[in-house]
Each structure stands twice: as structure tokens, then as C-alpha cells.
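Below are the chains, spelled out letter by letter.
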Amino acid sequence: MKTKFFSAFIALMFVVTLSQAQDYNKAIGLRLGYPNAISGKMFINDNAHLKEYWALDHLVALLILVLQLCIRFTSRLALSMD
């Protein structure tokens, strides 16, 4: 039993030492929780990076505002054509 455990442990350690992390310079993701947001990260060099969050509730509010402005513009345009 101890031999099987020791063999499995050695095999696991061998796999762990061969694995590597992903090498990336830019990333984008979804942040869930408060606030829900879209996040972005970009490495400038080995010691510095930029991180940005765009809150989804602000994006939804902006989308509603743009839709309202489009509706008002099209209704004014339709009235001026009559």
C-alpha cells in the first residue's frame, strides 16, 4: 500500500514540475460579484501592468441613454418630414 502511494506521489510531483503557467501579455475577462464588470489587463513590462474594469451597470445605463436619444431623434425626424 505504501509503495503504491509513494509511486503515485512521485508521479504527481513529476507532472507538477513539468507543468507551466500560461505566458500572456493581454487578457480580458468577466468579473462576477459586486460590481459585475468586464475586466482587462495588459503587461507593460515584467514589473508593471495596467488593469481596467468596466462596470456592467454603467454600460447598461449608457446603452439605455443612447437608445432614448435615438428614439427621440427618430421621432423628431419623422415629425419634421410630415
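Residues numbered from 1 in each chain as written. Predicted model: local features only at pLDDT ≥ 70, side-chain atom pairs only at ≥ 80, totals over all residues. Heavy atoms only, no water.

A. Quick peek at the sheet that holds strand β1 (residues 26-31). Taken together, three strands build an open sheet; the order of strands is β1-β2-β3 and the sheet is antiparallel. Where the open sheet ends on each side, the last strands, each with one partner, are β1 and β3 (49-55). Pairwise comparison of adjacent strand axes, ignoring direction, gives a mean angle of 15 degrees for this sheet. Where β1 meets strand β2 (residues 37-43), six bridges bridge the pair, whose relative direction is antiparallel. (Pairing = 2+ DSSP bridges. Helix = DSSP H or I, 4+ residues; strand = E, 2+ residues; numbered from the N terminus. Axes fitted to C-alpha atoms, helices over the stretch in contact; angles between N-to-C directions.)

B. Highlighting the side chain of S39. Residue position: S39 is located in strand β2. S39 sits in the buried class, given a relative accessible area of 17%. The contact partners of S39, leaving out residues within four places of it in the chain, are A27, I28, G29, L30, E52, Y53 and W54. (Buried < 20%, exposed > 50% of the residue type's maximum accessible area, 1.4 Å probe, protein only. Contact = heavy atoms within 4.5 Å.)

C. Structural view of the packing of aromatic side chains. Tallying each qualifying case throughout the model produces zero aromatic pairs. Sitting over the ring of Y53, R31 keeps its end group 4.4 Å from the ring centre. (Phe/Tyr/Trp six-rings, centres within 6.5 Å; stacked < 30°, edge-to-face > 60°. Lys NZ or Arg CZ within 6 Å of the ring centre and 35° of its normal.)

D. Representation of the pairing of β3 within the structure. Direction of pairing for β2 relative to β3: antiparallel, over a ladder of seven bridges. Note on β3: the bridge partner recorded for I38 is W54. Linking β2 to β3, which pair antiparallel, is a turn of five residues.

E. Layout of the pairing of β1. With zero of six residues buried, β1 is to be regarded as a mostly surface element. Hairpin connection of β1 to β2: five residues between the antiparallel strands, including G33 at a positive phi of 130 degrees.

F. Local environment of a nonpolar patch on the surface. There is a patch of nonpolar side chains on the surface, built from F5, F6, F9, I10 and M13 and spanning about 540 Å² of accessible area. Judged by its relative accessible area of 61%, F5 falls in the exposed class. (Patch = residues over 30% accessible without salt bridge, like charges linked within 9 Å, V, L, I, M, F, W, Y side chains within 5 Å. Areas by Shrake-Rupley, 256 points an atom, 1.4 Å probe, with all protein chains shown as cover. Salt bridge = Lys/Arg side-chain N within 4 Å of Asp/Glu carboxyl O.)

G. Just the environment of L50, in detail. If you trace the backbone, L50 turns up in strand β3. Separated by 24 residues in the primary sequence, L50 and K26 place their C-alpha atoms 9.5 Å from one another. Discounting residues that sit within four places of it in the chain, L50 has contacts with G40, K41, M42 and I44.

H. Fine view of the confidence of the model for the protein chain. For the protein chain, the mean per-residue pLDDT works out to 80, and 88% of the residues sit at or above 70. Here helix α2 (residues 56-81) stands out as the element of the protein chain with the lowest mean pLDDT, 78, in contrast to β2, whose mean of 87 is the highest. (pLDDT = per-residue confidence, 0-100.)

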